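Reading the structure
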Amino acid sequence: SYYGYVPTNWTLCSLADIAEIELGKTLDTAKNTGTYRPYLRSLNIKWGAVDLTDIKQMRIEDTELQRYSIQKNDLLICEGGDVGRAYVWNKDINFCYQNAIHRVRFYKNCNPYYFYYVMVYLDSIGYLKEISTGVTIKHLTKNILIRIPFLLPPLAEQHRIVTAIETTFAELDKISTDIT
(Lines give C-alpha, C1' and ligand atoms only; values in the text may rest on other atoms or scores of the structure.)
Protein backbone atom coordinates (compact mmCIF):
# COMPACT_ATOMS: atom_id res chain seq x y z
CA SER A 1 0.00 0.00 0.00
CA TYR A 2 1.09 3.58 -0.57
CA TYR A 3 -0.39 4.47 2.82
CA GLY A 4 1.45 4.14 6.10
CA TYR A 5 -0.34 4.84 9.37
CA VAL A 6 -4.15 4.78 9.14
CA PRO A 7 -6.15 6.62 11.84
CA THR A 8 -8.76 4.35 13.43
CA ASN A 9 -11.71 6.54 12.36
CA TRP A 10 -10.63 6.52 8.69
CA THR A 11 -11.86 3.84 6.30
CA LEU A 12 -9.89 2.16 3.54
CA CYS A 13 -12.30 2.04 0.62
CA SER A 14 -12.64 2.42 -3.14
CA LEU A 15 -14.84 4.53 -5.40
CA ALA A 16 -17.09 1.51 -5.93
CA ASP A 17 -18.03 1.83 -2.23
CA ILE A 18 -19.04 5.49 -2.27
CA ALA A 19 -19.81 6.69 -5.79
CA GLU A 20 -21.50 6.07 -9.10
CA ILE A 21 -18.97 6.09 -11.94
CA GLU A 22 -20.10 6.49 -15.53
CA LEU A 23 -18.21 6.95 -18.79
CA GLY A 24 -19.61 9.56 -21.15
CA LYS A 25 -21.36 9.14 -24.48
CA THR A 26 -19.47 7.93 -27.52
CA LEU A 27 -19.32 10.44 -30.35
CA ASP A 28 -20.76 8.62 -33.37
CA THR A 29 -22.27 11.01 -35.90
CA ALA A 30 -23.71 8.11 -37.93
CA LYS A 31 -25.58 6.55 -34.99
CA ASN A 32 -26.27 9.37 -32.53
CA THR A 33 -29.73 10.90 -32.69
CA GLY A 34 -31.53 13.51 -30.65
CA THR A 35 -30.94 17.16 -29.90
CA TYR A 36 -27.53 18.79 -30.29
CA ARG A 37 -26.18 19.53 -26.83
CA PRO A 38 -22.85 20.92 -25.61
CA TYR A 39 -20.46 18.33 -24.23
CA LEU A 40 -17.05 18.22 -22.62
CA ARG A 41 -14.10 16.35 -24.07
CA SER A 42 -10.97 15.30 -22.22
CA LEU A 43 -9.23 18.31 -23.81
CA ASN A 44 -11.56 20.58 -21.83
CA ILE A 45 -10.51 19.05 -18.49
CA LYS A 46 -7.38 20.41 -16.85
CA TRP A 47 -6.01 19.65 -13.39
CA GLY A 48 -8.38 21.67 -11.20
CA ALA A 49 -9.83 23.67 -14.10
CA VAL A 50 -12.07 23.42 -17.12
CA ASP A 51 -11.59 25.17 -20.46
CA LEU A 52 -14.94 26.18 -21.95
CA THR A 53 -13.53 28.15 -24.90
CA ASP A 54 -13.84 25.27 -27.40
CA ILE A 55 -17.08 23.40 -26.80
CA LYS A 56 -18.44 20.93 -29.33
CA GLN A 57 -21.99 19.64 -29.68
CA MET A 58 -23.25 16.07 -29.91
CA ARG A 59 -26.69 14.60 -30.54
CA ILE A 60 -28.14 13.24 -27.32
CA GLU A 61 -31.64 11.85 -26.82
CA ASP A 62 -33.79 13.21 -23.99
CA THR A 63 -33.84 9.68 -22.56
CA GLU A 64 -30.01 9.74 -22.35
CA LEU A 65 -29.78 13.15 -20.73
CA GLN A 66 -29.77 12.00 -17.11
CA ARG A 67 -27.05 9.42 -17.80
CA TYR A 68 -24.73 11.80 -19.67
CA SER A 69 -25.33 15.08 -17.82
CA ILE A 70 -22.95 16.72 -15.39
CA GLN A 71 -24.21 18.05 -12.06
CA LYS A 72 -22.58 20.41 -9.62
CA ASN A 73 -19.99 18.55 -7.48
CA ASP A 74 -19.48 15.76 -10.01
CA LEU A 75 -15.82 14.85 -10.30
CA LEU A 76 -14.69 14.54 -13.94
CA ILE A 77 -11.66 12.30 -14.52
CA CYS A 78 -9.87 11.81 -17.85
CA GLU A 79 -9.81 8.20 -18.99
CA GLY A 80 -7.04 8.42 -21.59
CA GLY A 81 -3.86 10.30 -22.40
CA ASP A 82 -2.99 12.25 -19.26
CA VAL A 83 -4.89 9.69 -17.18
CA GLY A 84 -6.49 10.86 -13.99
CA ARG A 85 -6.50 14.56 -14.88
CA ALA A 86 -9.50 15.76 -12.90
CA TYR A 87 -11.82 18.65 -12.16
CA VAL A 88 -14.76 19.10 -9.78
CA TRP A 89 -17.66 20.60 -11.75
CA ASN A 90 -18.73 23.71 -9.82
CA LYS A 91 -20.84 25.43 -12.45
CA ASP A 92 -24.58 25.95 -12.74
CA ILE A 93 -24.64 25.37 -16.52
CA ASN A 94 -25.72 22.17 -18.24
CA PHE A 95 -23.22 20.07 -20.13
CA CYS A 96 -22.92 16.48 -21.17
CA TYR A 97 -19.63 14.62 -21.45
CA GLN A 98 -17.87 12.34 -23.90
CA ASN A 99 -16.67 8.77 -23.31
CA ALA A 100 -13.08 9.88 -22.66
CA ILE A 101 -14.25 11.20 -19.27
CA HIS A 102 -15.38 9.36 -16.16
CA ARG A 103 -18.10 11.14 -14.21
CA VAL A 104 -17.87 10.34 -10.51
CA ARG A 105 -20.99 11.20 -8.54
CA PHE A 106 -20.57 10.61 -4.82
CA TYR A 107 -23.55 9.20 -2.96
CA LYS A 108 -21.98 8.78 0.44
CA ASN A 109 -19.99 11.04 2.72
CA CYS A 110 -17.22 12.16 0.42
CA ASN A 111 -16.20 15.70 -0.39
CA PRO A 112 -15.47 15.62 -4.15
CA TYR A 113 -12.53 17.99 -3.64
CA TYR A 114 -11.03 15.53 -1.15
CA PHE A 115 -10.99 12.77 -3.77
CA TYR A 116 -9.73 15.27 -6.36
CA TYR A 117 -6.68 15.84 -4.12
CA VAL A 118 -6.31 12.07 -3.71
CA MET A 119 -6.04 11.92 -7.52
CA VAL A 120 -3.50 14.77 -7.54
CA TYR A 121 -1.42 12.85 -5.00
CA LEU A 122 -1.68 9.54 -6.87
CA ASP A 123 -0.62 11.28 -10.07
CA SER A 124 2.32 12.98 -8.35
CA ILE A 125 3.75 9.65 -7.17
CA GLY A 126 3.24 8.00 -10.60
CA TYR A 127 0.63 5.56 -9.33
CA LEU A 128 -2.02 6.44 -11.93
CA LYS A 129 0.32 5.78 -14.85
CA GLU A 130 1.52 2.58 -13.20
CA ILE A 131 -1.98 1.09 -12.89
CA SER A 132 -3.26 2.32 -16.27
CA THR A 133 -3.41 0.08 -19.32
CA GLY A 134 -1.94 0.66 -22.78
CA VAL A 135 1.54 1.04 -24.16
CA THR A 136 1.57 4.24 -26.23
CA ILE A 137 -1.61 5.86 -24.90
CA LYS A 138 -2.48 5.10 -21.29
CA HIS A 139 -6.09 4.39 -20.26
CA LEU A 140 -7.59 4.52 -16.80
CA THR A 141 -10.49 2.13 -17.28
CA LYS A 142 -13.54 2.13 -15.06
CA ASN A 143 -12.60 -1.30 -13.67
CA ILE A 144 -9.23 0.08 -12.57
CA LEU A 145 -10.60 3.40 -11.31
CA ILE A 146 -13.27 1.86 -9.09
CA ARG A 147 -10.69 -0.35 -7.35
CA ILE A 148 -8.12 2.29 -6.40
CA PRO A 149 -7.79 2.01 -2.62
CA PHE A 150 -7.85 5.27 -0.69
CA LEU A 151 -8.38 6.41 2.87
CA LEU A 152 -11.66 8.11 3.63
CA PRO A 153 -11.68 10.19 6.81
CA PRO A 154 -14.91 11.43 8.39
CA LEU A 155 -16.54 14.20 6.37
CA ALA A 156 -15.54 17.00 8.77
CA GLU A 157 -11.91 15.88 8.51
CA GLN A 158 -12.16 15.81 4.69
CA HIS A 159 -13.31 19.44 4.77
CA ARG A 160 -10.39 20.40 7.05
CA ILE A 161 -7.92 18.61 4.75
CA VAL A 162 -9.30 20.32 1.63
CA THR A 163 -9.19 23.73 3.35
CA ALA A 164 -5.59 23.16 4.49
CA ILE A 165 -4.48 22.10 0.99
CA GLU A 166 -6.21 25.04 -0.69
CA THR A 167 -4.82 27.51 1.86
CA THR A 168 -1.30 26.18 1.28
CA PHE A 169 -1.68 26.37 -2.51
CA ALA A 170 -2.96 29.96 -2.24
CA GLU A 171 0.07 30.88 -0.12
CA LEU A 172 2.41 29.24 -2.63
CA ASP A 173 0.69 31.10 -5.50
CA LYS A 174 1.17 34.39 -3.63
CA ILE A 175 4.86 33.64 -3.04
CA SER A 176 5.27 32.76 -6.71
CA THR A 177 3.56 35.99 -7.75
CA ASP A 178 5.67 38.04 -5.34
CA ILE A 179 8.87 36.52 -6.75
CA THR A 180 8.05 37.36 -10.36
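Let me sum up the structure you'll find in this document. (Residues numbered from 1 in each chain as written. Predicted model: local features only at pLDDT ≥ 70, side-chain atom pairs only at ≥ 80, totals over all residues. Heavy atoms only, no water.)

Regarding the overall build of the protein
- Regarding its fold elements, the protein presents six helices and eleven strands.
- Relative to the 2.2 N^0.38 estimate, which gives 16 Å for 180 residues, the radius of gyration of the protein is 17 Å and therefore close to what a compact globule would have.
- Counting every atom, the protein has about 10000 Å² of accessible surface; 53% of that belongs to carbon and sulfur.
- Here the protein carries 20 positive and 20 negative side-chain charges, and the mean point of each set is 5 Å from the other. (Helix = DSSP H or I, 4+ residues; strand = E, 2+ residues; numbered from the N terminus. Rg over C-alpha atoms; globule rule 2.2 N^0.38 Å. Areas by Shrake-Rupley, 256 points an atom, 1.4 Å probe, with all protein chains shown as cover. Lys, Arg positive; Asp, Glu negative; His and termini not counted. Charge placed at Lys NZ, Arg CZ, Asp CG, Glu CD.)

A look at the sheet that holds strand β9 (residues 96–97)
- Read across the sheet, three strands follow the order β6-β3-β9 without closing on themselves; strand pairing throughout is mixed. Looking at strand neighbours, the two that pair on one side only are β6 (56–60) and β9, the edges of this open sheet.
- Examined bridge by bridge, strand β3 (residues 35–40) and β6 share five bridges and lie antiparallel to one another. Counted as the bridge partner of Arg37 is Met58 from β6. (Pairing = 2+ DSSP bridges.)

Some details on the layout of surface pockets
- If you add up the space inside the second largest pocket, you get close to 160 Å³.
- Along the walls of the second largest pocket sit Gly48, Tyr87, Val88, Asn90, Tyr113, Tyr116, Tyr117, Val120, Glu166 and Phe169, which together make up its complete lining.
- For the lining of the second largest pocket, the secondary structure elements donating two or more residues are β8 (86–88), α3 (112–124) and α6 (155–179). (1 Å grid on protein atoms, 1.4 Å probe; cavity = no way out; pocket = protein on both sides within 12 Å on 5 of 7 lines; lining within 4 Å. Points joined across faces, edges and corners; volume = space filled by probe spheres on them.)

So, the side chain of Ser14
- Mapped onto the elements, Ser14 comes out in the loop between β1 (11–13) and α1 (15–18).
- Within the structure, the side chain of Ser14 is placed 3.1 Å from the backbone oxygen of Ile146, a separation counted as a polar contact. (Polar contact = N/O pair within 3.5 Å; in protein donor to acceptor, adjacent residues only side chain to side chain.)

A short note on α3
- The terminal C-alpha atoms of α3 lie 18 Å apart, and with 13 residues this matches the ideal 18 Å at 1.5 Å per residue to within 8%.
- In this structure Asn111 caps α3, since a side-chain oxygen of it lies 2.8 Å from the backbone nitrogen of Tyr113.
- Note on α3: the residue one or two positions beyond its end, Gly126, has a positive phi of about 80°. (Expected span 1.5 Å × (residues − 1).)

A word on unusual backbone geometry
- Although it is not a glycine, Asn73 sits at a positive phi angle of roughly 80°.
- Within the fold, Asn73 resides in the loop between α2 (65–68) and β7 (75–78).

Concerning the sheet that holds strand β10 (residues 101–106)
- Sheet architecture is open: four strands sit in the order β2-β10-β7-β8, paired in antiparallel fashion. Each having just a single partner strand, β2 (19–23) and β8 make up the two edges of the open sheet. Along the sheet, successive strands turn relative to each other by an average axial angle of 20°, direction set aside.
- In the sheet, β7 pairs with β10 via four bridges, with the strands oriented antiparallel. Paired with Leu75 across the two strands is Val104, which belongs to β10. (Axes fitted to C-alpha atoms, helices over the stretch in contact; angles between N-to-C directions.)

Focus on the packing of aromatic side chains
- For the structure shown, the criterion picks out eight aromatic pairs.
- Note on Phe115 and Phe150: the rings are 4.7 Å apart at their centroids and 65° apart in plane angle, and the pair reads as edge-to-face. On the criterion of sequence distance, the pair formed by Phe115 in helix α3 and Phe150 in strand β11 (residues 150–152) is long-range, its members being 35 residues apart. This pair shows no difference in class: Phe115 is buried, exactly as Phe150 is.
- The structure contains a cluster of three or more aromatic residues connected by ring pairs, namely Trp47, Tyr116, Tyr117 and Phe169. (Phe/Tyr/Trp six-rings, centres within 6.5 Å; stacked < 30°, edge-to-face > 60°. Buried < 20%, exposed > 50% of the residue type's maximum accessible area, 1.4 Å probe, protein only.)

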